[in-house]
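Residue strings, one per chain:
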Amino acid sequence: MPVYRTASEEQTIALGERLAREFPAGAVVLLIGGLGAGKTTLAKGIITGLGAAVPEEVSSPTFTLIHEYGEGPLVYHIDLYRLDEAREVASLGLDDIFESGAIVLIEWGERFPALMPTPRIEIRLRPGEEDEREIEVRSV
Ligand code: ADP
Ligand code: MG
């Protein structure tokens, strides 16, 4: 399972662009890490790498819950931080999104494991010294 290290926001965006090219169609990707770990930053890179937007167009879905990018849409970016109960998450209609064939990026999805599909990709981001991040990619 590959582990990458980045030393800046820009490097994390560049890594996301590279990783995006290897995701199979319809992949569900959990972005896992604490507040400020870089989940949304990595999502910017992935969404850019998929050709669905440029980094400046990607904002955190913390309050809006679900953002869509590209035609189709090509990619969904979801943030479940604000939701506390599986019942609330179930009401979002995630199963339709998972079946859509779009790439689905989810922050805080690991809090609701029973609602997350397999197979999926899990990316863990861990802060290191200063701006360093260790980023581990695994298929589940
Ligand atoms: P999260 O979505 O995990 O809460 P964000 O991506 O919104 O985190 O924020 C990450 C913050 O950390 C940003 O302010 C970003 O500029 C900063 N940062 C510093 N170094 C890095 C790095 N190597 N990778 C990603 N973000 C970094
Ligand atoms: Mg975020």
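Residues numbered from 1 in each chain as written. Chains lettered and ligands numbered in written order. Predicted model: local features only at pLDDT ≥ 70, side-chain atom pairs only at ≥ 80, totals over all residues. Heavy atoms only, no water.

Here's the deal with the coordination of the magnesium ion (ligand 2)
For a metal bound by four donors in tetrahedral geometry, the ideal donor-metal-donor angle is 109.5 degrees, whereas six donors in octahedral geometry ideally sit at 90 or 180 degrees. Those protein atoms acting as donors to the magnesium ion (ligand 2) are Thr40 (OG1) and Glu107 (OE), and they sit at 2.2 Å. Taken together, the residues span a long stretch of sequence, with Thr40 in helix H2 (residues 39-49) and Glu107 in strand S5 (residues 103-107) at a distance of 67 residues. Of the two residues, Thr40 and Glu107, both sit in the buried class. (Donors = N, O, S within 2.8 Å, 3.2 Å for Na, K, Ca; no water. Helix = DSSP H or I, 4+ residues; strand = E, 2+ residues; numbered from the N terminus. Buried < 20%, exposed > 50% of the residue type's maximum accessible area, 1.4 Å probe, protein only.)

Points about the packing of aromatic side chains
Within this structure, the stated rule accounts for one aromatic pair. Ring geometry for Tyr81 and Trp108: centres 5.1 Å apart, planes at 50°, overall tilted. Separated by 27 residues along the polypeptide, Tyr81 in the loop between strand S4 (75-79) and helix H3 (86-90) and Trp108 in the loop between S5 and strand S6 (121-127) bring together distant segments of the chain. Overall, Tyr81 belongs to the partly exposed group, its relative accessible area being 36%. (Phe/Tyr/Trp six-rings, centres within 6.5 Å; stacked < 30°, edge-to-face > 60°.)

Focus on the packing of helix H1 (residues 9-20) against H2
Two numbers describe how H1 lies on H2: the axes approach to 7 Å, and their chain directions differ by 45°. With respect to their mutual orientation, H1 and H2 come out oblique. In this structure, H1 meets H2 at a crossing whose hand is right-handed. On H2, the residues touching Glu9, Thr12, Ile13, Leu15, Gly16, Glu17 and Ala20 of H1 are Thr41, Leu42, Lys44, Gly45, Ile46, Thr48 and Gly49. When grouped by side-chain class, the residues that make up the contact of H1 with H2 number five nonpolar, six polar and three charged. (Axes fitted to C-alpha atoms, helices over the stretch in contact; angles between N-to-C directions. Parallel < 35°, antiparallel > 145°, perpendicular 65-115°, else oblique. Left-handed = near helix turned anticlockwise from the far one by under 90°. Contact = heavy atoms within 4.5 Å. Nonpolar A, V, L, I, M, F, W, Y, C, P; charged D, E, K, R; others polar.)

A closer look at the side chain of His67
Checked against the element boundaries, His67 lands in strand S3 (residues 66-69). Among the polar contacts listed, one links the side chain of His67 to the backbone oxygen of Ser59, at a separation of 3.2 Å. Setting aside residues up to four positions removed in sequence, His67 forms contacts with Ser59, Ser60, Pro61, Val75, Tyr76 and His77. (Polar contact = N/O pair within 3.5 Å; in protein donor to acceptor, adjacent residues only side chain to side chain.)

Topic: the site of ligand 1
Taken together, 16 residues lie near ligand 1, and Glu9, Thr12, Lys39, Thr41 and Asp131 sit nearest. Interatomic distance of 3.1 Å between a backbone N/O atom of Ser8 and a nitrogen atom of ligand 1. At a separation of 2.6 Å, an oxygen atom of ligand 1 approaches a polar side-chain atom of Thr41. If you list the elements that add at least two residues to the shell around ligand 1, you get H1 and H2. (Near = heavy atom within 4 Å.)

Side note on H1
Taking 1.5 Å per residue, 12 residues should reach 16 Å; H1 reaches 17 Å between its end C-alpha atoms and fits that length. Those residues of H1 that sit buried are Thr12, Ile13, Leu15, Gly16, Leu19 and Ala20. What you see down the axis of H1 is that its buried residues fit within an arc of 160°, all on one side. Considering only its buried residues, H1 is in contact with strand S1 (3-6), H2, S6 and strand S7 (133-139). (Expected span 1.5 Å × (residues − 1). Arc of directions from axis to C-beta.)

Limitation: the analysis is restricted to geometry and does not speak to function.
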